[in-house]
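Take a look at the letters that make up each chain.
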Amino acid sequence: MSHHDRLETTVATTNAAAAPPDKLAASTTFRRERTPSLDLRVFVKDVHDVHGRKRPLQVRPWSSVKDLKDQLSRHLHVPASSQSIYFGPLLSSARELPNHRTLQDAGIYRNGETLLLEIKGRHCSSLLSPSPSDGGVAPISSLRNKSDVCVSSSTLDLCPKALQRMVQQSRRGMAVGFKPLLAPDGSGGSYFLSDARRKRVGVFKPADEEPFAENNPRGYVPHSSIGNPSNMGGGDGGNDGDAGGLRQGIRPGELCLREVAAYLLDHGGFSSVPMTTLAEARHPALHSAGSNWTLSEGGAGVGAHSIRASISGADLSTIVSTPSNSTSPPELVKKVGSFQEYVTAECTMDDISPSKITVGEVHKIAILDMRLMNADRNVANILCQRIPEDPDQFRLVPIDHGYSLRSKCDVAWFDWCWLDWPQVKEPLSEEARSYVLNLDIEADVAVLEERLKLENDVLDNFRNSCLVLKAGVKAGLTLYDIASEILCRNDPSGET
């Protein structure tokens, strides 16, 4: 320290000692106000902690992931090499954050964000290993070298025990050789998973196989991926913004989040949404890099055998000979997506008349769609289960909520198949009315924001639709009045 610096320090100390206590406190407060803290307050959650506890940390916005690991090492006494850091509900598409990436690069800009920590190797407690008692839910690392499926660690605490058992049954089915079976219809990749007795127990929808995602098995892929092997089967995937999706207001690869959100927002099972969670899976039957495409679907234009790859300057002999000379099996791609319980149904609403459905069953579907502003409620995604006590009546089970909770409100009258059914013009029952009026909108918004990381535009639209629904029900309006006059438009080319 120089003589000039020591002199300033001495003068400052003398003035502080001579100042009255009230003026000293005011001076201290003023200094604190003039130098606000630049630290971010984030939380770190161990993915194996059954209690879901979080550890607060003060970090700099420009800190790297390695800096964060070093700070955790001082607290947990676990080396940085044994730590894996993830961020977001999809665990960064099942890839851990690299050490060189900064927190800002990972999308962490504000206080209160939660990062997920996985401790690997001998530092991980044996109590955290999968066992039959906890449904056999394995950590992320269990999927690295085999065909398997497990509940994603980011939503493990939200996954019901019954659904965890279904995931365990699917694992046993894969172990005995029953591969995921691609559904015959739909625009994305939906796979039926079976247990060891070949009974279907779940439906897995990988995020990278959604419409216009990079590995869609039905040919709905981004134009940049056609004929470009480097864009298939890896990378961040999907399109930026809304470009290329079947509906505006949602990015390809995020439909699985909406599937989970629909279940989490169906409080008490009022609308009968099947149990849903995020899951991770590996299996050769899952589509990757055009492996399941026929020639008519463009299978010759993607993958390692692509003709365009040789035209662009690649060595064709290398491309062709490498797979045949390799003795090791091809590396399986780890996929993240939604896992939903398989529901056995008599038929869909495409096969029966709405007159067979009670007023209450129709109302529960309409209330759910109005809350979520679902833009894909057609008769094919409403399952019908015959009621044993009254075989002439059916119970409705809604599925396929991927096009809900969008950042754009453009739901039209034809997006809701129930809008022209006579039941929606009937007054609400006391049960349905009480359910709507007791909805805690802000608590639901907090779940969508904190656990699924949905955007602010999505949260605002959800909040507004719920407020409109509650106000309409409180005013005594029917669901038809609220839907047709306020929430949806009659002209598909007009204003919202």
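Just so it is clear, the model here is predicted, and its values are computed rather than measured.

Definitions and cut-offs
- Residues numbered from 1 in each chain as written.
- Predicted model: local features only at pLDDT ≥ 70, side-chain atom pairs only at ≥ 80, totals over all residues.
- Heavy atoms only, no water.
- Axes fitted to C-alpha atoms, helices over the stretch in contact; angles between N-to-C directions.
- Helix = DSSP H or I, 4+ residues; strand = E, 2+ residues; numbered from the N terminus.
- Parallel < 35°, antiparallel > 145°, perpendicular 65-115°, else oblique.
- Left-handed = near helix turned anticlockwise from the far one by under 90°.
- Contact = heavy atoms within 4.5 Å.
- Pairing = 2+ DSSP bridges.
- Buried < 20%, exposed > 50% of the residue type's maximum accessible area, 1.4 Å probe, protein only.
- Core = buried A, V, L, I, M, F, W, Y, C linked by side-chain atoms within 4.5 Å.
- Salt bridge = Lys/Arg side-chain N within 4 Å of Asp/Glu carboxyl O.
- Phe/Tyr/Trp six-rings, centres within 6.5 Å; stacked < 30°, edge-to-face > 60°.
- Lys NZ or Arg CZ within 6 Å of the ring centre and 35° of its normal.

A.B. asks: Even after reading the chapter, I still don't get the packing of helix 9 (residues 359-372) against helix 13 (residues 479-487), so can you show me in this structure?
C.D. replies: In a packed pair of helices, the relevant descriptors are the angle between the two axes and the axis-to-axis distance. At their nearest, the axes of helix 9 and helix 13 sit 11 Å apart, and the two run at 25 degrees to each other. Classed by the angle they form, the pair helix 9 and helix 13 counts as roughly parallel. The two elements helix 9 and helix 13 cross, and the hand of that crossing is left-handed. Every residue of helix 13 that contacts helix 9 at H363, A366, I367 and M370 is listed here: L479, I482, A483 and L487.

A.B. asks: In this structure, what is going on with the sheet that holds strand 1 (residues 40-46)? I would like to understand it.
C.D. replies: Backbone hydrogen bonds are what pair the strands of a sheet, in a parallel or an antiparallel way. The mixed open sheet is built from four strands, whose spatial order is 2-1-4-3. What marks the edges here is a single partner per strand, and that holds for strand 2 (54-59) and strand 3 (83-87). Sheet twist, expressed as the mean angle between neighbouring strand axes with direction ignored, is 35 degrees. Here six bridges tie strand 1 to strand 2, and the two strands are oriented antiparallel to one another. By the bridge assignment, V44 is partnered in strand 2 with R55. In this fold helix 3 (residues 65-76) packs onto strand 1, strand 2, strand 3 and strand 4 (114-119), with an angle of close to 125 degrees to the strand it touches most, strand 2.

A.B. asks: Please clarify how the pairing of strand 10 (residues 335-341) should be interpreted in this entry.
C.D. replies: The two faces of the sheet receive side chains in turn, since in a regular strand these alternate between them. Counting buried positions over the seven residues of strand 10 gives seven, a clear majority of the element. Pairing of strand 8 (residues 200-206) with strand 10, which is carried by five bridges, proceeds in the antiparallel orientation. Counterpart to F204 in the pairing with strand 10 is F339. As paired elements, strand 9 (residues 276-282) and strand 10 share six bridges and run antiparallel to each other. When the sheet's bridge partners are listed, A281 is paired in strand 10 with K335.

A.B. asks: I would appreciate a short explanation of the nonpolar core in the present structure.
C.D. replies: Side chains of nonpolar character tend, in soluble globular proteins, to be buried together. Counting residues in each nonpolar core, the largest one holds 38 residues, and the members touching the most others are F339, L372, L405, L448, L452, L454 and F462. Taken together, the elements giving at least two residues each to this core come down to strand 5 (148-151), helix 5 (161-175), strand 7 (191-194), helix 6 (255-265), strand 9, helix 9, helix 11 (441-450) and helix 12 (456-474). The residues touching L372, leaving out its near neighbours within four places in the chain, are A262, L265, S404, L405 and F462. Judged by nonpolar contacts, the second largest core, of 35 residues, contains I367, M373, I382 and V436.

A.B. asks: I tried to follow the pattern of salt bridges on my own but got confused; where do I start?
C.D. replies: As a working rule, side chains carrying opposite charge can pair if their charged atoms are close by. Within the structure shown, the criterion is met by 26 salt bridges. Across the pair K66 and D70 runs a salt bridge, and its minimum N-O distance is 2.8 Å. Of this pair, K66 and D70 both sit in helix 3, four residues apart, which is roughly one turn of the helix. The exposure class assigned to D70 is partly exposed, which follows from its relative accessible area of 26%. The partner of K364 in a salt bridge is E361, and the shortest N-O contact between them spans 2.7 Å. With K364 and E361 both in helix 9 and three residues apart, this pair spans about one turn of that helix.

A.B. asks: Looking at this structure, how should I read the packing of aromatic side chains?
C.D. replies: The geometry of an aromatic ring pair is captured by the separation of the ring centres together with the interplanar angle, meaning the angle of the planes. What the rule picks out here adds up to five aromatic pairs. A centroid spacing of 5.0 Å and a plane angle of 15 degrees characterise the contact between W416 and W418, whose relative ring orientation is stacked. Here the two residues W416 and W418 agree in accessibility, since each one is buried. Positioned above the aromatic ring of Y480 is the side chain of K425, whose terminal nitrogen or guanidinium carbon lies 4.8 Å from the ring centre.

A.B. asks: Got a minute to help me understand the sheet that holds strand 12 (residues 382-387) in this structure?
C.D. replies: Read from one edge to the other, the open sheet built from three strands follows the order 11-12-13, with strand pairing classed as antiparallel. This sheet does not close on itself; its edge strands, each paired only once, are strand 11 (347-348) and strand 13 (390-398). As defined by bridge partners, strand 12 adjoins strand 13 across six bridges and the pair is classed as antiparallel. Of the residues in strand 13, the one forming a bridge with R386 is F394. Contacts from helix 9 reach strand 12 and strand 13 within the one sheet, and its direction differs from that of strand 13 by about 5 degrees.

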